[in-house]
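Chains, contacts and geometry: an overview
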Amino acid sequence: MTDQKTPRSLPLSEAITISAQAIGEVMVGRSLTEVLDQLDAHERPIVQSLTFDALRKWVRSHEFIQQFIPKTPPPEVEYLLSVAIALFLQGRSDVKGYAVHTIVDQAVKACSEYEPTTYAKGLVNAVLRKVSLAVQAENEKPYPPDPIPMFFPPWWRASLKRNYSKAWQAMLIQQAQRAPLILRVNVKQHTRKEYQELLHQAGIAAEPIDSVAGVILDSALLLQEAVPVSDLPGFYSGAVSVQDAGAQIAAILLDPKPGERILDACAAPGGKTAHLLELAQCEMIALELDGERLGKIGGNLDRLRLQSDAVRIVRGDASKTAWWDGKLFDKILLDAPCSASGIVARHPDIPFLRREADIKALQTRQRAILEQAWKILKIGGTLLYVTCSMFPEEGEEQATWFAAEHTDALRLSAPGQILPAELNDGFYYALFKKMGHEPRR
Ligand SMILES: C[S@@+](CC[C@H](N)C(=O)[O-])C[C@H]1O[C@@H](n2cnc3c(N)ncnc32)[C@H](O)[C@@H]1O
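Analysis parameters
Starting from 1, residues in each chain are numbered consecutively following that chain's sequence as written. Restriction of local features to residues with pLDDT of at least 70 applies here, the model being predicted, together with a cutoff of 80 or more for giving and counting side-chain atom pairs; totals for whole chains, interfaces and linings are based on all residues. Side-chain calculation: all heavy atoms of the structure are included, whereas hydrogens and water are not. Only runs of H or I of at least four residues qualify as helices and only runs of E of at least two qualify as strands under DSSP, and these elements are numbered from the N terminus. The atom set for the radius of gyration is the C-alpha atoms, and the globule formula is 2.2 Å times the number of residues raised to the power 0.38. Any two residues whose heavy atoms approach within 4.5 Å at even a single point are treated as in contact. Only the protein chains shown count as cover for residues, and the accessible areas themselves come from Shrake-Rupley with a 1.4 Å probe. UniProt positions are given in the numbering used here, feature names are shortened, and annotations may be inferred rather than shown by experiment. A 1.4 Å probe rolled over the protein chains alone gives each residue an accessible area, and that area as a share of the maximum for its type sets the label: buried under 20%, exposed over 50%, partly exposed in between. Salt bridges are counted wherever a side-chain nitrogen of Lys or Arg sits within 4 Å of a carboxyl oxygen of Asp or Glu. For the purposes of this section, nonpolar cores are sets of buried Ala, Val, Leu, Ile, Met, Phe, Trp, Tyr and Cys residues that join through side-chain atoms within 4.5 Å. One heavy atom within 4 Å of a molecule or strand is enough for the residue carrying it to be called near that molecule or strand. Distance and chemistry together define a polar contact, namely a pair of N or O atoms within 3.5 Å, with one atom able to donate a hydrogen and the other to accept it when in protein, and with adjacent residues in sequence counting only for side-chain atoms on both sides. All residues other than Ala, Val, Leu, Ile, Met, Phe, Trp, Tyr, Cys, Pro, Asp, Glu, Lys and Arg, Gly among them, are scored as polar; the first ten of these are nonpolar and the last four charged.

A closer look at the overall build of the protein
Scanning the protein for helices and strands turns up 16 helices and 13 strands. Its C-alpha radius of gyration of 23 Å places the protein within 12% of the 22 Å reference for a compact globule of 441 residues. Each principal axis of the C-alpha distribution contributes one length, and for the protein these read about 75 × 50 × 40 Å. In the protein, the share of contacts with a sequence separation of at least 24, taken over all contacts with a separation of at least 6, comes to 74%. Summing over all exposed atoms, the protein offers an accessible surface of approximately 19000 Å²; the carbon and sulfur share of this is 53%.

Rendered as structure tokens:
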């Protein structure tokens, strides 16, 4: 998910109201992706942009709210203020182009037009005026804020501090930035060079990303500025997909060959399934537990012109065998359900949704899927274990446990933990080859 700059498809006051409501949904545990998916096409870009920024600037906006309102305001008012304050807090290179008085006027309008907040318009007006002056003063003489402007729960920060004593702060600061728009060119339709030229003709500047964590990428392009996908040449006929560069490593490491039987064990929305099929015409089962997410796989493969008789999209639980046709696989991609702590730059709601106890529960689920996947892999076959997590419990601890439990598992070279950086989200990759002897248990 990538937010675009300065989308103005909806009056700002309406966008502020919807964004504040979206934040309310996140605070009661709903995924922002789900909430945004329900918006109309013209609402989504601006609401997404405002909501992402509000979540990214949460710590700082709440310092202001506490400074100027001694008693915590009711949630509806708090969320509206956090959206408006985030608009003041854009760095100079990241200006949305709204004048201070516009932000104040539109936020007050939003407040007065939404029944549960009407009573608070005087308060919102006064607080935003004070915040705007304080932000102006800060621009002249920078205030030394918490270097991490985004909210991360204390257990999350503590875990990263423990496991990445040098890099943890830089990592979280990185994740509080806007993620760039990165494309994966469908090499069945164009080479990267050809597509870069098509972008150039459309007035869109892009640079190749040649590698991530030592893995060579030949279809990744970084856009200088985010644009709506509808502006990308050939998007609707499958020329290109939006996919982080760190995620593009998966298909390359699994290295699909024509005719191989491949299982994508946790496939939705199908980004990596599609990449595998772009690289080789293989026999593919894309397995997914969640019925609603399953539909997205077909949609993506249709758009990319990758559907064929050799591809089956199957609903089922990868930790069980009810869905399985009894034929072993040459290769398995296990992009496991995880905390998603590595992809916060594209999903800033995640730190608000995760609980500490989730990590242990996810570890157990990941192990169950790994165990089952190993049983249906051919001898000589390879399994790629992937998570988009920064927590070792979901990464290296899992790989070490798995190798110790399975004497027939040979660890092949893979990047292991990849930290979030400017051009990639955080991922974990481990690759295993199944050796030709019986497992110990
Ligand atoms: C990290 S996402 C996969 C992303 C996908 N590989 C891609 O690149 O687009 C993990 C997926 O696993 C699914 N899932 C969770 N538990 C599962 C299970 N037991 N069996 C199959 N799929 C499962 C989730 O619904 C989710 O869609």
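On we go from here.
Section: the UniProt feature "active site" (unreviewed entry) in the protein
This chain's UniProt record puts "active site" (unreviewed entry) on Cys-388. Of note, Cys-388 is situated in the loop between β11 (377-387) and α16 (396-405). Given the relative accessible area of 14%, Cys-388 is considered buried. Dropping the residues within four chain positions of it, Cys-388 is found in contact with Cys-338, Ala-340, Ser-341, Gly-342, Ile-343, Gly-426 and Phe-427.

Some thoughts on the pattern of salt bridges
Tallying each qualifying case throughout the model produces 21 salt bridges. The salt bridge partner of Arg-56 is Asp-53, with a shortest N-O separation of 3.7 Å. Pair noted here: Arg-56 and Asp-53 are both in helix α3 (residues 44-56), with a separation of three residues, about one helical turn. Pair check on accessibility: Arg-56 and Asp-53 agree, each one buried. Within this structure, Arg-261, Glu-283, Arg-312 and Asp-325 form a network of salt bridges that share partners.

Side note on the nonpolar core
A general feature of soluble globular proteins is that nonpolar side chains tend to end up buried together. Counting residues in hydrophobic clusters, the biggest one holds 55 residues, and the most contacted among them are Trp-156, Leu-160, Ile-249, Leu-384 and Tyr-429. Within the residue set of this core, elements represented by two or more residues are α8 (154-163), α9 (168-175), α11 (249-254), α12 (271-279), β8 (283-288), α13 (291-303), β11 and β13 (427-434). Here Trp-156 is in contact with Leu-172, Ser-341, Val-344, Ile-350, Pro-351, Arg-354 and Phe-391, once residues within four sequence places are set aside. Of all hydrophobic cores here, the second largest spans 51 residues; its members include Leu-12, Val-35, Ala-54 and Phe-88.

Digging into the site of the ligand
For the ligand, the set of nearby residues contains 20 residues, the closest of which are Glu-288, Arg-293, Asp-317, Ala-318 and Asp-335. Gly-271 is positioned with one of its backbone polar atoms (N or O) 2.9 Å from an oxygen atom of the ligand. Computed on the free molecule, the ligand has an accessible area of 600 Å², of which 88% lies beneath the protein chains in the complex. Counting only elements with at least two residues in the shell around the ligand, the list comes to α12 and α15 (356-375). Partitioned by chemical class, the residues of the shell around the ligand number ten nonpolar, three polar and seven charged.

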